[in-house]
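Listed here are the chains, written in short residue letters.
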Amino acid sequence: MSCRSCKTGIIEFFPLGQMPPINSFLKKEEIADEKKYNLSVGFCPECYLVQLIDTIAPEELFKNYIYFSSTSDSFLQHCKKVADELTEKLNLASESLVLEIASNDGAQLQYFKELGIKVLGVDPAQNIASVANEKGIPTIAEFFNYDFAKKLKKEKNVQADLVFGANVLAHVPEITDFIKGVKEILTPKGTAVFEFPYVKGLMENKFDTIYHEHVFYYSLIALKNVFEKADLEIYDVQMTYMQGGSLMIFISNPGVFPISENVENLITQEIESGFDKLETYQKISENVLRLKNELTGLLEKIKREGKKIAAYSVPAKGNILLNYFGINENYLDFIVDKSKAKQGLYTPGTHLLVHSLEKIDEQKPDYLLVLCWNIADEVINMEELRAYRQRGGKFIVPVPEIKIL
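Everything quoted here is computed from the prediction, not taken from an experiment.

Enquirer: Lay out the pattern of salt bridges in plain terms, naming residues and giving numbers.
Expert: Evaluation of the coordinates by the stated rule reveals 15 salt bridges. For Asp 276, the salt bridge is made with Lys 277, and the minimal N-O distance between the two is 3.5 Å. Asp 276 sits in the buried class, given a relative accessible area of 18%. Classification of Lys 277 by relative accessible area gives partly exposed; the value is 39%. The shortest N-O distance in the salt bridge between Lys 342 and Asp 337 comes to 3.9 Å.

Written out as structure tokens, the structure reads:
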């Protein structure tokens, strides 16, 4: 397998085995025909890009998608903050255009629209694009790439002052073509901003961000190489708390903005931390195996004591953890999720029926395993779980280290 950016041979360092598409929830009659695919991660020794060995066609993963951005309150708060801060930083105004790639149900764009800025979303999931359009967020149901960007620019005269993408840069197998499209659709003095889980999270046991939708796991040193190939430069970078730790990068045509010292500082830190060396990544598998043994041992102990355990929420990361750790009905009494789109379906791979939150009050479990660990504080303080807390129910947060709260 060669690197998707520089074509050098990549070296596998973390095989997770055969996994189903992790957002493909199932009806009962579909379980027998469920497909699984190899999931393993490799490292490019030439350009330092961490990436999947094998991928699934994006059409299979994203054409009918079940994740709606607006489900999480903390995510919406983050979206509002991002809109406010970028509007100020980039001097956006009523004549500006914000184009969001993988805009989902318009969760982010709605806040730019509220500020009086023109918006346009692009998202390949037809079901979700329809929801966004119904909310008054103009959204085109297409995959973003170079050909699409050229067509949009030529036929609709679209050029964006801000191209924005949250949790999309990691999803695109044809990354060089994608970035060419970004350059094409950007105004000469515009900025592209991308936010995505930081590769450092893999070294901190946040392994459950590895799934087929995430083709890449980015460091800044790798991204610098990727964007320079498309004649774009990263002029600023920030850390955000999203997804348990993300990077937000700012990109422009060369020379438009001065390069922030944040860029050079982070590159220096990455080199010092060995992000350019295979050995750094080879330690991940051993650390995750240790976490697996600790968590399954804890769940077994609780079950031996005759206590009930339910899992709260089944995001993509939660399904990876359940599958890779082998946590199924032998460990869990049931599983719930706030999303109505998932309720009544079975989880990919582990085939657990997803219930509504009311199941918690009916069955009165002693522990909730919080699979959306990145928003554990939000979950623990949810009004819907007040009765559970008052009964003395406990929360198990499994990543990056096990906590019982």
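Enquirer: Requested: an account of the environment of Val 50, with residues and values cited.
Expert: Mapped onto the fold, Val 50 is located in strand β3 (residues 50-52). Since its relative accessible area comes to 1%, Val 50 is described here as buried. For Val 50 and Glu 12, which are 38 residues apart along the polypeptide, the C-alpha to C-alpha distance reads 9.5 Å.

Enquirer: Explain the packing of aromatic side chains residue by residue, including any values.
Expert: Inspection of the entire model under this criterion finds 15 aromatic pairs. With a centroid separation of 5.4 Å and an interplanar angle of 70°, the aromatic rings of Phe 144 and Phe 178 are classed as edge-to-face. Linking Phe 144 in the loop between β6 (139-140) and α5 (146-156) with Phe 178 in helix α6 (residues 175-185), this pair joins segments that are 34 residues apart in sequence. Geometrically, the ring pair formed by Phe 207 and Tyr 324 is tilted, given 5.9 Å between the ring centres and 55° between the ring planes. Placement of Phe 207 in the loop between α7 (200-203) and β9 (216-217) and of Tyr 324 in helix α11 (residues 316-325) is noted, with a sequence separation of 117 residues between them. For the pair formed by Phe 207 and Tyr 324, the shared burial category is buried. What links up through ring pairs into an aromatic cluster is the set Phe 14, Phe 207, Tyr 324 and Phe 325. For Lys 89, the ring lying beneath its charged end belongs to Phe 250, and the centroid distance is 4.8 Å. Taking the ring centre of Trp 373 as reference, the NZ or CZ of Lys 317 above it sits at 5.5 Å.

Calculation notes
- Counting restarts for each chain, with residues numbered from 1 along the sequence as it is written.
- It should be noted that, the model being predicted, local features are given only for residues of pLDDT at least 70 and side-chain atom pairs only at 80 or more, the latter also being counted only at that level, while totals for whole chains, interfaces and linings use all residues.
- To get the side-chain values, all heavy atoms of the structure are used, and hydrogens and water are removed first.
- Here, a salt bridge means any Lys or Arg side-chain nitrogen found within 4 Å of an Asp or Glu carboxyl oxygen.
- Think of it in three bands: residues with accessible area under 20% of the maximum for their type are buried, residues over 50% are exposed, and the middle band is partly exposed, with areas taken using a 1.4 Å probe on protein chains only.
- Counting from the N terminus, the helices are DSSP H or I runs at least four residues long and the strands are E runs at least two residues long.
- Pairing of aromatic rings covers Phe, Tyr and Trp, the last counted by its six-membered ring, and requires centre-to-centre distances within 6.5 Å; plane angles under 30 degrees mean stacked, over 60 mean edge-to-face, and any other angle means tilted.
- Here, a charge over a ring means that NZ of Lys or CZ of Arg falls within 6 Å of the ring centre while also lying within 35 degrees of the ring normal.

On their own, these measurements won't tell you what the molecule is for.
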